[in-house]
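# Results of the structural survey
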Amino acid sequence: MVTKIKTNISNKETSASFAGIFVEDFKAKELQSLKKIKELYNDERYHKTIPVEFKSILKDLYSDLFDKNDNKIKFKLSTNIVDEFENIPENKKLIYLIHRYRYEIFPLKKKIDSYPPLLQIEPTSFCNYRCIFCFQTNKSFTKRSNGHMGHMHFDLFKDLVDDIQNKIEFINLASRGEPLVSKDIVKILKYTEGKFLGAKLNTNASILNEDKAHAILSSGVSTVVFSADAADKELYSKLRVNGNLDNVIKNIKKFNQIKEKHYKNRKIVTRVSGVKVNQVQNFHEMKKVWSDLVNQVAFVNYTPWEDVYSMSENKIKTPCSDLWRRMYIWWDGIANPCEVDFKSGLKVGKYPETSINELWTGETFQKLRYKHSEAKRCNIAPCNKCVVI
């Protein structure tokens, strides 16, 4: 049964984002998950698999879920967490929750440890679409001579994965470009197999052919997000310039057929996620079109980020939570704190010249966090023009 989600892009995909959630079968699945969590927590065998540095996190998240504590910031189960938790192997479920706690709660508490809860890895910065709300419409970004465009070489991806395996459990294969455009995407996908508890792929599905469908389904990807904003062909083409809705639907149907025929027992969450840019878009029409094709349907509200550099300064003082949640590694190894700054003005270094641990905990990143936490983002460009919190 499809899950329907409404959230706000300014808060990314944290559990706090789902205040407007309405779900058909969420409550039953939540109760089932809570029962399983209690069962695993009370079994000493699973405690032995938890690294020492994470045992206090496990205790805290259990208390948030089951005790009547006075914590103002509490870990809760969202639809995404419940769906992912269901697919995690029994002996890894508590570890998954620990890393989800780091992803959800550390940003709210302004806390970091040795590695980012999520590493966003960019297979390519090229895209075959020119969506009206995306920085791919910025010609100074897409002009090749300016140095922003390129594909990540498989060797760099392999070195990166080898370095972070068992240290970072959540990765997202997406950022400024369309991942399936990457020349090495099949090899990249294959190398994720068995290495992460949460590997997500975002794609517009326009070039999702049989070979790439097999590559995804045989990889370590646990969630596939298909980006689509309309159920109407004409509106879709206006929003996702160069896109064809019929082609996308055909490709997703073929993906599902391949899964059913060759990967029947493969556990993977599929989601259609769109950007809500105007009142013409109809969520209920979206559900009619997509609910038989994917597990979840979502809209995120439009945030003007296609060219943050030309926007006016604002007076927002709230720290950007992503500074404590994720780090981006572009196709060429540049490490950046966010993708709104798509030209890397805030870059904190470059991999592999600097390790992921050093990039995440280093002086440059820490100074940025400090300024945000001291309500001084107004002194930082382009943070002083950005509305993401």
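First, a word on what this report is: a plain description of the structure on this page. (Residues numbered from 1 in each chain as written. Predicted model: local features only at pLDDT ≥ 70, side-chain atom pairs only at ≥ 80, totals over all residues. Heavy atoms only, no water.)

To continue, consider the overall build of the chain. For the chain, the count of helices and strands is 14 helices and 12 strands. Taken over C-alpha atoms, the radius of gyration comes to 20 Å for the chain, in line with the 21 Å a tight globule of 389 residues would show. Once the C-alpha set of the chain is aligned to its principal axes, its extents read approximately 55 × 50 × 45 Å. By the burial criterion, 57% of the 389 residues in the chain qualify as buried. Separation between the mean location of the 64 positive side-chain charges and that of the 47 negative ones in the chain comes to 2 Å. (Helix = DSSP H or I, 4+ residues; strand = E, 2+ residues; numbered from the N terminus. Rg over C-alpha atoms; globule rule 2.2 N^0.38 Å. Buried < 20%, exposed > 50% of the residue type's maximum accessible area, 1.4 Å probe, protein only. Lys, Arg positive; Asp, Glu negative; His and termini not counted. Charge placed at Lys NZ, Arg CZ, Asp CG, Glu CD.)

Before going further, it helps to examine the pairing of strand E6 (residues 223-227). Extensive coverage of E6 is indicated by the burial of 5 of its 5 residues. The alternating pattern of E6 places Thr223, Val225 and Ser227 and Val224 and Phe226 on opposite faces, both of which are buried. Relative to E6, strand E5 (residues 198-203) runs parallel, the two sharing 4 bridges. Bridged to leucine 201 within E6 is valine 224. Running through helix H9 (residues 210-217), the crossover from E5 to the neighbouring parallel element E6 is right-handed. Strand direction decides the pairing type here: E6 and strand E8 (residues 269-276), joined by 5 bridges, are parallel. Looking at the pairing, phenylalanine 226 lines up with valine 272 of E8. (Pairing = 2+ DSSP bridges. Right-handed = clockwise from strand over helix to strand, strands pointing away.)

Take the pattern of salt bridges next. If you walk through the whole model with that rule in mind, you get 21 salt bridges. One salt bridge connects glutamate 86 with lysine 29, and the closest N-O pair in it is separated by 3.9 Å. Note that glutamate 86 is positioned in helix H4 (residues 79-87) and lysine 29 in helix H1 (residues 26-41), a separation of 57 residues in sequence. Since its relative accessible area comes to 44%, glutamate 86 is described here as partly exposed. In this structure, arginine 100 engages glutamate 104 in a salt bridge whose closest nitrogen and oxygen atoms are separated by 2.9 Å. Here glutamate 104 and arginine 100 lie together in helix H5 (residues 93-109), a separation of 4 residues that amounts to about one turn. Each of the two residues, arginine 100 as well as glutamate 104, counts as buried. A network of salt bridges, in which partner residues are shared, links Lys29, Asp83 and Glu86. (Salt bridge = Lys/Arg side-chain N within 4 Å of Asp/Glu carboxyl O.)

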